[in-house]
Amino acid sequence: MVKHIILWTLNPELSEEEKVSVKQGIKEGLEGLVGKVPGLKDVVVNVDGRLASSNCDVMLDSTLESEEALKAYAVHPSHVEVANTKVRPYTVQRTCLDFEI
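Being a predicted model, the structure only gives us computed values, none of them experimental.

Each value, and the rule that gives it
Residues numbered from 1 in each chain as written. Predicted model: local features only at pLDDT ≥ 70, side-chain atom pairs only at ≥ 80, totals over all residues. Heavy atoms only, no water. Pairing = 2+ DSSP bridges. Helix = DSSP H or I, 4+ residues; strand = E, 2+ residues; numbered from the N terminus. Axes fitted to C-alpha atoms, helices over the stretch in contact; angles between N-to-C directions. Buried < 20%, exposed > 50% of the residue type's maximum accessible area, 1.4 Å probe, protein only. Arc of directions from axis to C-beta. Contact = heavy atoms within 4.5 Å. Salt bridge = Lys/Arg side-chain N within 4 Å of Asp/Glu carboxyl O. Lys, Arg positive; Asp, Glu negative; His and termini not counted. Core = buried A, V, L, I, M, F, W, Y, C linked by side-chain atoms within 4.5 Å. Parallel < 35°, antiparallel > 145°, perpendicular 65-115°, else oblique.

## Digging into the sheet that holds strand S3 (residues 58–64)
Ordered in space as S2-S3-S1-S4, the 4 strands form an open sheet in which the pairing is antiparallel. What marks the edges here is a single partner per strand, and that holds for strand S2 (40–46) and strand S4 (91–100). Shown here is a sheet whose adjacent strand axes are inclined to one another by a mean of 15°, direction ignored. Two elements, strand S1 (residues 2–10) and S3, share 7 bridges in a ladder whose sense is antiparallel.

This is how it looks when you write it as structure tokens:
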């Protein structure tokens, strides 16, 4: 099993209302990939409860069957569509940590 964790910072030019909407779109889009992308076991997108000490806005915590499944996930058309329409247009920084569990 592999954990795939991403932290994003939203574009600071977004209004607070836009940030709420963008976060919800990211959450719904990525969590909706379970059952569509082979090998993707679990996805939790954290968009609420951010403390002032944080330096990012959104966290993806996902579990995949294997490193091969992670590689396939990265290029799967459903994932690419979510990334290109709900994530990349609204984020300015991405940090990733992948590891075996």
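## Observations concerning helix H2 (residues 67–75)
When H2 is considered as a whole, its buried residues turn out to be Ala69, Leu70 and Tyr73. One side of H2 carries all its buried residues, which in axial view fall inside an arc of 100°. Residues of H2 that are exposed and angled more than 90 degrees away from the buried face: Glu68, Lys71 and Val75. Of the surrounding elements, those touching the buried residues of H2 are S1, helix H1 (16–31), S2, S3, helix H3 (77–87) and S4.

## Focus on the pattern of salt bridges
If you walk through the whole model with that rule in mind, you get 5 salt bridges. A salt bridge links Lys3 to Asp61; its shortest N-O distance comes to 2.7 Å. A residue pair is termed long-range when its members are at least 10 positions apart, and Lys3 in strand S1 and Asp61 in strand S3 qualify at 58 residues. You can call Lys3 buried: its relative accessible area is 15%. Residue Asp61 is classed as partly exposed on the basis of its relative accessible area, which comes to 21%. In this structure, Lys19 and Glu16 form a salt bridge, with 3.8 Å as the shortest nitrogen-oxygen distance.

## Comments concerning the side chain of Lys23
Assignment of secondary structure puts Lys23 in helix H1. Within the buried core, Lys23 has no salt-bridge partner, and the shortest N-O distance to an opposite charge, that of Asp57, equals 5.1 Å. Once residues lying within four places of it in the same chain are set aside, the contact partners of Lys23 are Leu10, Val47, Asp57 and Val58.

## Considerations on the nonpolar core
Grouped together as the largest cluster of nonpolar side chains are 22 residues, with contacts concentrated most on Trp8, Ile26, Leu30, Val45, Leu60 and Tyr73. Of all the elements in the fold, those that place two or more residues in this core are S1, H1, S2, S3, H2 and H3. Not counting chain neighbours up to four residues away, the residues in contact with Trp8 comprise Ile26, Leu30, Cys56, Asp57, Val58, Leu60, Val87, Thr91, Gln93 and Arg94.

## Some points on the packing of H2 against H3
Between H2 and H3, the least distance of the axes is 5 Å, while the angle of their chain directions is 55°. As summarised for this structure, H2 and H3 are arranged oblique, according to the angle between their axes. Together, Tyr73, Ala74 and Val75 of H2 and Pro77, His79 and Val80 of H3 make up the contact between the two elements.

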